Amino acid sequence: GHGMRALALLRQANALMELARWEEARRSLDVALEDAKSSGEAATLAQALLAAGVYATNRGDTARAEAFLMDALDRFHRAADPPSVQGRGWAFLNLAILYGKTGRLDLAFVTLTKAQDVLGTVENWAGVAAAWEAQAQLRRAIHDEDRWREDLAEAVIFYDREGMKAKADGLRRLLGRKLV
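Treat the numbers as computed from the prediction; the structure is a model and nothing was measured. (Residues numbered from 1 in each chain as written. Predicted model: local features only at pLDDT ≥ 70, side-chain atom pairs only at ≥ 80, totals over all residues. Heavy atoms only, no water.)

Peer 1: What exactly am I supposed to notice about the overall build of the protein chain here?
Peer 2: In terms of helices and strands, the protein chain carries nine helices and zero strands. Along the chain direction, N to C, the helices and strands of the protein chain fall in the order α-α-α-α-α-α-α-α-α. At 17 Å, the protein chain has a C-alpha radius of gyration in line with the 16 Å of a compact globule built from 180 residues. For the protein chain, the C-alpha atoms occupy an extent of roughly 50 × 30 × 30 Å along the three principal directions. Relative to its 180 residues, the protein chain shows a buried fraction of 46%. (Helix = DSSP H or I, 4+ residues; strand = E, 2+ residues; numbered from the N terminus. Rg over C-alpha atoms; globule rule 2.2 N^0.38 Å. Buried < 20%, exposed > 50% of the residue type's maximum accessible area, 1.4 Å probe, protein only.)

Peer 1: Quick question: what am I supposed to make of the environment of Trp132 here?
Peer 2: Checked against the element boundaries, Trp132 lands in helix H7 (residues 125-141). The exposure class assigned to Trp132 is buried, which follows from its relative accessible area of 18%. For the pair Trp132 and Ala153, spaced 21 residues apart in sequence, the C-alpha separation works out to 8.5 Å. Apart from residues no more than four positions distant in its own chain, Trp132 is found in contact with Gln116, Asp151, Glu154, Ala155 and Phe158. (Contact = heavy atoms within 4.5 Å.)

Peer 1: Can you walk me through the packing of aromatic side chains in this structure?
Peer 2: To describe a pair of aromatic rings, one takes the distance between the centres and the angle between the planes. A full pass over the atoms with the stated rule returns two aromatic pairs. A cation sits over an aromatic face here: Arg161 above Trp125, 4.5 Å from the ring centre. (Phe/Tyr/Trp six-rings, centres within 6.5 Å; stacked < 30°, edge-to-face > 60°. Lys NZ or Arg CZ within 6 Å of the ring centre and 35° of its normal.)

Peer 1: What exactly am I supposed to notice about the pattern of salt bridges here?
Peer 2: Opposite charge on two side chains permits pairing when their charged atoms draw close. Considering all chains together, one arrives at 14 salt bridges under this definition. Two residues, Arg26 and Asp30, come together in a salt bridge whose shortest N-O distance is 2.8 Å. Within this pair, Arg26 and its partner Asp30 are both found in helix H2 (residues 22-39), separated by four residues, close to a single helical turn. Here Asp144 makes a salt bridge to Arg139, at a shortest N to O gap of 3.8 Å. (Salt bridge = Lys/Arg side-chain N within 4 Å of Asp/Glu carboxyl O.)

Peer 1: Quick question: what am I supposed to make of helix H6 (residues 105-121) here?
Peer 2: Every α-helix carries 3.6 residues per turn, so stepping three or four residues along brings you back to the same face. Taking 1.5 Å of rise per residue, 17 residues should cover 24 Å, and H6 covers 25 Å from first to last C-alpha, within 8% of that figure. Among all positions in H6, only Ala108, Phe109, Thr111, Leu112, Ala115, Gln116, Val118 and Leu119 are buried. On its buried face, H6 is in contact with helix H5 (82-101) and H7. Just beyond H6, the residue with positive phi is Glu123, at close to 55 degrees. (Expected span 1.5 Å × (residues − 1).)

As structure tokens, this is what we get:
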């Protein structure tokens with residue numbers, strides 16, 4: 001019961017974050033973390049820690065975000081099944097985003113590459129695309145004009161591979177090209 005409830009609360013928290021209903025999302029995450037711990041399910045706890053890290057990143061609490069994400073990454077590394085590998089890839093991606101936000105650029109780029117590699121092994125093309133897109137945003141922020149376009153073009157390829165036409169088309173418009 002605790003594990004199923006934790007997963008439901010994580011979905012609710014993610015939806016609330018998308019709606020920028022931060023306090024409600026935090027309350028859902030708090031209960032989800034408690035349920036995940038009570039469940040004794042390692043995968044559920046790792047997912048809850050990943051979600052808590054994303055929340056903390058979005059709220060600018062970088063120290064807590066890094067702690068949550070590193071804990072999630074450690075837990076995802078304890079298993080080699082596809083969901084754990086996928087979780088590991090998403091933890092890497094979110095850590096890379098955090099590193100970019102905190103100015104640790106070398107670490108951000110290395111971690112983005114790791115996210116792309118890990119998510120690629122489980123053929124999570126949306127995740128690979130998101131990692132390329134995050135890398136493009138980071139390159140654009142440091143005014144690396146040529147390379148951000150190349151990275152964004154890679155994201156388009158992987159979004160297309162995943163069948164995410166609207167997302168790919170939106171990035172094509174940002175690139176200013178039709179043929180990517």
